[in-house]
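# Structural overview for review
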Amino acid sequence: QVQLQESGPGLVTPSQTLSLTCTVSGGSISNDNYFWSWIRQHPGKGLEWIAYIYYNGNTYYNPSLKSRLTISVDTSKNQFSLTLNSVTAADTAIYYCAREVKQAAGSDAFDIWGQGTMVTVSS
Amino acid sequence: EIVMTQSPATLSVSPGERATLSCRASQSVNNNLAWYQQKPGQAPRLLIYGASTRATGIPARFSGSGSGTEFTLSVSSLQSEDFAVYYCQHYNNLPLTFGGGTKVEIK
């Protein structure tokens, strides 16, 4: 059974870089039936899709974050990662990684989620 | 970007009663619509995709309907474990967006 686990620092200093990694277990990140996404949830608020990456490195970023964002994949480690530059308090959130089913026409639903990791931006 | 609007923000329902949640898209998303359930301290869980198809292991009391811009999630007889926040999400095009959520609370 596929599981996802986020890892990374829980506290980031304003203006610095937030880096998170999602490790996929129980299945291969190179499975061409899936995209691998990052989603965040501000405290007590709704969900915001950040970006996805395909096993071959193809990416799509949410335009609202694109200028500060990089995601990458390491198929040898079965991991994908997120880097968000120049963070502010507004980036404080729970960050989830999730598996997104790929259909012929594009995206489909998020069928598996990590447990989430809380990241606080504060000095 | 497609804006997803959910109503009501909070729904108070007694156990055993039916709950009906609404989701509206700012433009047609065809049937490319999913519903998720989120309990406190947990990640969202996929309930419905394709507007009406239950995900693996989801009880039959959950049902989804709609297409285009108007969607509904119904829970036929609320159980104690169903009190949670529910989100809709479209995947018709990018960027993917979620609704603001409906909290289903015990009346």
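Residues numbered from 1 in each chain as written. Chains lettered and ligands numbered in written order. Predicted model: local features only at pLDDT ≥ 70, side-chain atom pairs only at ≥ 80, totals over all residues. Heavy atoms only, no water.

Another point: the pairing of strand β11 (residues 102-106) of chain B. Residues and elements named next belong to chain B. Taken together, the four bridges between strand β2 (residues 10-13) and β11 define a ladder with parallel strand orientation. Across the sheet, the residue bridging to V13 is I106, located in β11. By the bridge criterion, two bridges tie strand β9 (residues 85-90) to β11 in an arrangement that is antiparallel. By the bridge assignment, Y86 is partnered in β11 with T102. (Pairing = 2+ DSSP bridges. Helix = DSSP H or I, 4+ residues; strand = E, 2+ residues; numbered from the N terminus.)

Counting 45 residues, the largest nonpolar core has A:I39, A:F110, A:W113 and B:W35 as its most contacted members. With residues up to four places along the chain from it excluded, the contact list for A:I39 reads A:L47, A:E48, A:W49, A:I50, A:I94, A:Y95, A:Y96, A:A98, A:F110, A:W113 and B:F98. Ranked by size, the runner-up nonpolar core spans 28 residues in total, among them A:V12, A:L20, A:L84 and A:A93. (Core = buried A, V, L, I, M, F, W, Y, C linked by side-chain atoms within 4.5 Å. Buried < 20%, exposed > 50% of the residue type's maximum accessible area, 1.4 Å probe, protein only. Contact = heavy atoms within 4.5 Å.)

Here we come to the interface of chain A and chain B. Opposite the 22 residues of chain A that make contact, chain B presents 16 residues. The contact between chain A and chain B buries some 1,500 Å² in all, and 67% of this surface belongs to carbon and sulfur atoms. Our enumeration of links across chain A and chain B arrives at zero salt bridges. Our enumeration of links across chain A and chain B arrives at seven residue pairs in polar contact (both at pLDDT 80 or more). Residue assignment for the side of chain A that touches chain B shows that the elements contributing at least two residues are β4 (34-41), β5 (47-53), β9 (93-103) and β10 (106-113) of chain A. Along the lines of polarity and charge, the residues of the side of chain A that touches chain B split into ten nonpolar, seven polar and five charged. (Buried area = accessible area lost by both parts, 1.4 Å probe. Salt bridge = Lys/Arg side-chain N within 4 Å of Asp/Glu carboxyl O. Polar contact = N/O pair within 3.5 Å; in protein donor to acceptor, adjacent residues only side chain to side chain. Nonpolar A, V, L, I, M, F, W, Y, C, P; charged D, E, K, R; others polar.)

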